[in-house]
Amino acid sequence: MDKAADRIVVGVDGSTGSQEALRWAIDEVKRRGTDLEIVICWHPPYLAEASGYGVAFLSPDELTADARAQLDGALGPVHDELESIGTLGHTVTTRLIEGAPGPNLVTESKGAALVVVGRRGHSGLARLMMGSVSRYIATHAPCPVVVVPDDSDTA
């Protein structure tokens, strides 16, 4: 197998769905014996203020720190599983990328064996549909895509 295709890319964003996607990806990495690339994307919020009140903006450093904290929060509960991947001789890398998650995860998945994302959804109707990021990735990724529902989707 091509070494570039010997990795699984998973997108995380701090949501329950992305945590389930990360757990699924870890299990798949162990089954396949591949490397794992964990990606979190961030971008400055798009705000329009029409009320006349001031809006506080975070600096790029603060936004990066927030994304790092979200990534660390996602990695904490699966620390032992990530360590076990390393003991099997495979690498786990993390990436913080500025920009929209859909296009950036598609770019990151070039040459990957698989890209994994979670599916958001809180209402009954939302549970039946994919979120905008998972839909974008499913229609644009150059490799197979797995969209993992969170446990509450089955309730």
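> Help me get a handle on the overall build of the chain, residues and values and all.
The number of helices and strands found in the chain is six helices and five strands. Ordering the α and β elements of the chain from the N terminus gives β-α-β-α-α-β-α-β-α-α-β. In the chain, which comprises 155 residues, the share counted as buried stands at 39%. Across the chain, contacts joining residues at least 24 apart in sequence account for 79% of those joining residues at least 6 apart. When the accessible surface of the chain is split by element, carbon and sulfur atoms take 56% of a total near 8,600 Å².

> How would you sum up the nonpolar core? Please name residues and give values.
Grouped together as the largest cluster of nonpolar side chains are 21 residues, with contacts concentrated most on V10, L22, L36, I38, L82 and V116. At the level of elements, β1 (7–11), α1 (16–32), β2 (35–42), α2 (60–75), α3 (79–87), β4 (114–119) and β5 (145–149) are the ones that each hand at least two residues to this core. At five residues, α1 tops the list of elements feeding residues into this core. Residues within four places of I38 in sequence aside, it is in contact with V10, V12, L22, L71, L75, L82, V92, T93, T94 and R95.

> Describe α1, listing the residues and the values that go with them.
The end-to-end C-alpha distance of α1 is 24 Å, a good match for the 24 Å that 17 residues give at a rise of 1.5 Å each. Considered for burial, the residues of α1 that qualify are G17, S18, Q19, E20, A21, L22, A25, I26, E28 and V29.

> Any chance you could break down the pairing of β4 for me, citing the residues and the numbers?
Where burial is concerned, most of β4 is hidden: six out of the six residues are buried. In this structure, β4 lies alongside β5, joined through five bridges in parallel fashion. Following the sheet pairing, G118 is matched in β5 by V148.

> Help me get a handle on the sheet that holds β5, residues and values and all.
The five strands lie next to each other as β3-β2-β1-β4-β5, forming an open sheet whose pairing is parallel. In this open sheet, the two strands that pair with only one neighbour each are β3 (92–98) and β5. Pairs of neighbouring strands in the sheet enclose a mean axial angle of 25°, with direction left out of account. The strands touched by α1 within the sheet are β1, β2, β4 and β5, with β4 carrying the most contacts at an inclination of about 150°.

> Provide a residue-level description of the pattern of salt bridges, including the pertinent values.
Counting across every chain of the model gives seven salt bridges. The residue R7 makes a salt bridge to E37 at a minimum N-O spacing of 2.8 Å. Here R7, found in strand β1, pairs with E37, found in strand β2; they are 30 residues apart in sequence, far enough to count as distant. Accessibility classification places R7 together with E37 in one group, the buried group. A salt bridge links E81 to R23, with the shortest nitrogen-to-oxygen separation between them at 3.6 Å. Pair noted here: E81 is in helix α3 and R23 is in helix α1, with a separation of 58 residues, a long-range link.

> Tell me about the environment of P60, and please be specific about residues and values.
Within the secondary structure, P60 is located in helix α2. A C-alpha to C-alpha distance of 8.8 Å links P60 and H43, two positions 17 residues apart in sequence.

So, how was this worked out
- Residues numbered from 1 in each chain as written.
- Predicted model: local features only at pLDDT ≥ 70, side-chain atom pairs only at ≥ 80, totals over all residues.
- Heavy atoms only, no water.
- Helix = DSSP H or I, 4+ residues; strand = E, 2+ residues; numbered from the N terminus.
- Buried < 20%, exposed > 50% of the residue type's maximum accessible area, 1.4 Å probe, protein only.
- Contact = heavy atoms within 4.5 Å.
- Areas by Shrake-Rupley, 256 points an atom, 1.4 Å probe, with all protein chains shown as cover.
- Core = buried A, V, L, I, M, F, W, Y, C linked by side-chain atoms within 4.5 Å.
- Expected span 1.5 Å × (residues − 1).
- Pairing = 2+ DSSP bridges.
- Axes fitted to C-alpha atoms, helices over the stretch in contact; angles between N-to-C directions.
- Salt bridge = Lys/Arg side-chain N within 4 Å of Asp/Glu carboxyl O.

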